[in-house]
Structure formats: structure tokens, C-alpha cells
Amino acid sequence: MPSALRPITWACAAVMAVAIAGCGGPTYKKERLVESLHDVLAEDGLDATIRLINSTIAIQLEVPKALARGAEATQLDLGPGLEATLQKAQTGLHRVLLSTDADVRFYLILISDPEIPGAYLTLIRCLEDIRKAHANMIGVTELWSRTIFELNLVEADNPLTIAQYPSREIQLSDFLTWQLTQRIQQELAQTLTQNGVATVGRCQGEFTDGEFAFILNVTPAREGSLDDATMRLAFERAAKVTAQVLSSYQFDSFNAVRLTHPTSGRNLVLPRTSLDMFRR
């Protein structure tokens, strides 16, 4: 997965709300899912490349002015051409995927900007989250928190396409790892930077052999090391976010969660059964 996480404006988040799905039997048959989605997107003027990988559907769009250069050479921001296109793409996706008999569980949108070669926006969502939002089981804020949204920059002479990315269908363990990495970073940044004693950088996560492992990128804002109270708070907040998210998806196909702070050498290993104490 790309690694450079960037915030999204609330205006853009608002257009990512759930489209209303029709009732009754499947409107879009699984045998023609890709063709139907292409036709629906074309109705809104979107020329998309579409790939179905088992339970994951991926679409790629080239959108002028979708992205913008940031203050630094490696920094990317959202451009003025993104919002309307993203709204159309998601509305079309939700219209088709909520009215099909195909077993689609995740969708991925890959957007590039012809004016910035090598720059890409990746958005990933779980279709069950869309259904829950449509049924008012979760709100827009929580839906956004469950959305994987990344900006990344690769070598311009090696363009990224959905022909090779994603390399396989997205599993729930993949999606939860990416979401938790994103949410842990956001939680730590919100909690630890308010008093000015710590800064939070990009966190990392992986799921291997039944274990979720997350690296907490927390450093002191001033010279010296982080005090014990700050370290305890960092681990507690990360554990609480992890426990709540895994519980909300009723995911129990794992053995443990490992939280590591590499600069101090500290780590916390939580067996699956011990996460209950952090859900309160």
C-alpha cells in the first residue's frame, strides 16, 4: 500500500456520502458487473479503467487538476478538480454495487493527474461500511474514519495502473491493518501534540501469522526522551483504537496485537482475549 497519508477536507468528505440504493432484486447482474459499472460511470462523463479481482473492484481515473504540489517537492495536496469527479465516481459505484448479486466486498479508486506524473490518490472502502451508513448505523464522520485515503508519489517513468495494483483481492485483515494504521496515527497526533511534548509521524502496520503489529512513530518535541506518562498514554490510546475497531467489524481471526515504540525499545503485546479491557 502507498504510505504517505494526507488529510482530506470536510468538503470533500461530505461528497463521499452514501448514494441511495434501489430496492428489489439485483439490477446489475454479476456476469456483466464490469460492463455495467463502466456504462454507469460513462453516463457521468467518466472514462474509467475497471478491474474485478474476485471480491474487490478497482477503478482508475485520470483527472486534470485532481492533485496539486505541496510546499515541499515530495508533498501532495488535493486539487480543485478532485471533488466533483470523486463524487461522481462514488455515486456510480454505490449505485451499481448496492444493486448487484456479485460478491463485492471492497472497492478501490485510483486517481492520477496528467499534470503531475507519478502522483496518485488511492481511496479504499469496505462495502459493508457503505451499507451501514445507508442504514444510518454509522454516521458520515465514522464512515470517513473507516476510509483508506492516501496520496503517494512514485517514479514518473514507472506509472501505477490497476493492471498490477492491487496485486490481489483485498482481504478484511488487509483493510483493517491499513485502517488501524491510519486511525492510530490520527489518534496519537490528536492526543499527544496538544500539550507540545511529543510529535507524531507516519505509523506503520502489518498483519502476519495471525498478529497485528503497529509501530508507533512518537518522538519528543524537545531534546530528551518521552516521559513514562506520555508513553503509557500512547500505548493505551493505540490499544483502545485497535480494540474498538476490531470489535466493530467483529473480527477475531487473529491471535494478538503488538504495539512497538522503536526509539525507546518498548513494546506491548496484547493477546486477543485481553483486548476486552480496552473496549470500555
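Whatever comes next refers back to the structure up there.
Description of the structure in this document. Remember, predicted model here, so these are calculated numbers, not experimental data.

Let us now look at the environment of Ala102. Position of Ala102 among the secondary structure elements: in the loop between α3 (82-97) and β5 (106-112). Note: C-alpha distance between Ala102 and Asn54 (48 residues apart in sequence) is 9.4 Å.

Before going further, it helps to examine the environment of Thr242. Looking at the secondary structure, you find Thr242 in helix α7 (residues 228-248). Given a relative accessible area of 0%, Thr242 falls into the buried group. Counting along the chain gives 65 residues from Thr242 to Thr177, while the straight-line C-alpha distance between them is 9.5 Å. Residue contacts for Thr242: discarding those within four places in its chain leaves Leu180, Ile184, Phe214 and Val257.

Read from one edge to the other, the open sheet built from 4 strands follows the order β9-β10-β12-β13, with strand pairing classed as mixed. Of all strands in the sheet, those with a lone pairing partner are β9 (204-208) and β13 (266-271), marking the two edges. Between one strand and the next, the sheet's axes are offset by a mean angle of 15°, whatever the strand orientation. Sheet analysis places strand β10 (residues 211-215) next to strand β12 (residues 256-261), joined by 5 bridges and oriented parallel. Bridging from a neighbouring strand, Ala213 pairs with Arg258 of β12. Lying on the sheet, helix α6 (residues 172-192) is in contact with β9 and β10; it crosses β10 at an angle near 25°. The strands touched by α7 are β10, β12 and β13; relative to β12, the strand with the most contacts, the crossing angle is about 150°.

Right, let's talk about the sheet that holds strand β7 (residues 148-153) for a bit. Spatial ordering of the open sheet is given by β1-β2-β5-β6-β7, a layout of 5 strands whose pairing is mixed. Because the sheet does not close on itself, it has two edges, and the strands there are β1 (49-53) and β7. Across the sheet, the mean angle from the axis of one strand to that of its neighbour is 15°, orientation sign disregarded. Direction of pairing for strand β6 (residues 119-126) relative to β7: antiparallel, over a ladder of 6 bridges. If you follow Tyr120 over to β7, its bridge partner there is Asn152.

Rules of the game
Residues numbered from 1 in each chain as written. Predicted model: local features only at pLDDT ≥ 70, side-chain atom pairs only at ≥ 80, totals over all residues. Heavy atoms only, no water. Helix = DSSP H or I, 4+ residues; strand = E, 2+ residues; numbered from the N terminus. Buried < 20%, exposed > 50% of the residue type's maximum accessible area, 1.4 Å probe, protein only. Contact = heavy atoms within 4.5 Å. Pairing = 2+ DSSP bridges. Axes fitted to C-alpha atoms, helices over the stretch in contact; angles between N-to-C directions.

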